[in-house]
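# Structure at a glance
In case you want the letters, here they are:
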Amino acid sequence: MAVPALKDNAAVASEIKKIDDANLFDMGSVDRSDLGKPETLRNKILTWVLAERYDRAIEELKDFLDAPSDYPDFKGKVTRYIHHGIDLIYAIKAKRGFPGINSLTRAKQQELREKFKEHFKELQYILKTIEKVQTDLRIADARSTIYVVRALCAASLGIIILAFWLDIVHGLAQTSVIVFDDAFGRLANWLVELVGL
């Protein structure tokens, strides 16, 4: 009967180590708002990293980089961030899948956990930076559109003012000169008759 008791103790000890290993890299303290809005790149990548689906996260980053963009400068601005993000995912994968982690001292395990958290925070920062680049390009595009619309409005207003000016100068002005000339001639004739010359 003593042997089954040892087997049970070994199984319990094995289960405790599995729980400790799972808790070693537990990111339960991650605020869900730090993951970004659902359906954003940041949310997808960080969720897959937390779920230990590293290959899917890397594939998504590569697909994001290869996807066509509405902005010509976009790929040039985010390529280095994407590559750095992929490197960080590999580093996180290496930290979580470190062979013989159970044989390490608690201090070394804690050091691995801290490095994992650092890499995860840096990955969050990189993905936020990519989102900022997207937002900045979208704002710059909107601003240039606003400038074009304003320029078209100013040009239209200038053409309308010029048309009124030309109409006044060539139409109303000439008519006004004729009317004033005729009125002045009548006034002069009336004065001459009044004086009796």
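Thresholds applied
- Residues numbered from 1 in each chain as written.
- Predicted model: local features only at pLDDT ≥ 70, side-chain atom pairs only at ≥ 80, totals over all residues.
- Heavy atoms only, no water.
- Helix = DSSP H or I, 4+ residues; strand = E, 2+ residues; numbered from the N terminus.
- Buried < 20%, exposed > 50% of the residue type's maximum accessible area, 1.4 Å probe, protein only.
- Contact = heavy atoms within 4.5 Å.
- Areas by Shrake-Rupley, 256 points an atom, 1.4 Å probe, with all protein chains shown as cover.
- Phe/Tyr/Trp six-rings, centres within 6.5 Å; stacked < 30°, edge-to-face > 60°.
- Expected span 1.5 Å × (residues − 1).
- Arc of directions from axis to C-beta.
- Polar contact = N/O pair within 3.5 Å; in protein donor to acceptor, adjacent residues only side chain to side chain.

Scanning the chain for helices and strands turns up 5 helices and 0 strands. In the chain, the succession of helices and strands from N to C terminus is α-α-α-α-α. When the 197 residues of the chain are sorted by exposure, 25% land in the buried category. For the chain, contacts bridging at least 24 residues in sequence account for 66% of all contacts bridging at least 6. Entry remark: accessible area of the chain is about 14100 Å², with carbon and sulfur atoms responsible for 62%.

What follows concerns the packing of aromatic side chains. Tallying each qualifying case throughout the model produces 2 aromatic pairs. Pairing Phe64 with Phe74 gives two aromatic rings, centres 5.7 Å apart and planes at 85°, and the pair type is edge-to-face. One end of the pair, Phe64, is in helix α3 (residues 54–66); the other, Phe74, is in helix α4 (residues 74–96), and 10 residues separate them in sequence. On the basis of relative accessibility, which here comes to 19%, the residue Phe64 falls in the buried class. Relative accessible area serves as the criterion here: at 6%, Phe74 is assigned to the buried category.

Further remarks concern the environment of Leu50. As for its placement among the helices and strands, Leu50 is situated in helix α2 (residues 41–50). The class of Leu50 is partly exposed, set by a relative accessible area of 21%. Distance from Leu50 to Phe120, taken between C-alpha atoms, is 9.1 Å for residues 70 residues apart in sequence.

Here we come to α3. Relative to the 18 Å expected for 13 residues at 1.5 Å per residue, α3 spans 18 Å between its end C-alpha atoms, a close match to the ideal helical length. What α3 keeps buried is the set Tyr54, Ala57, Ile58, Glu60, Leu61, Phe64 and Leu65. The buried residues of α3 occupy an angular sector of 160° when projected down its axis, which confines them to one face. Among the exposed residues of α3, those oriented more than 90 degrees off its buried face are Asp55 and Asp66.

This part is about the side chain of Arg96. One can find Arg96 in helix α4. Separated by 3.1 Å, the side chain of Arg96 and the backbone oxygen of Val49 make a polar contact.

The values reported here are purely geometric and, on their own, carry no functional implication.
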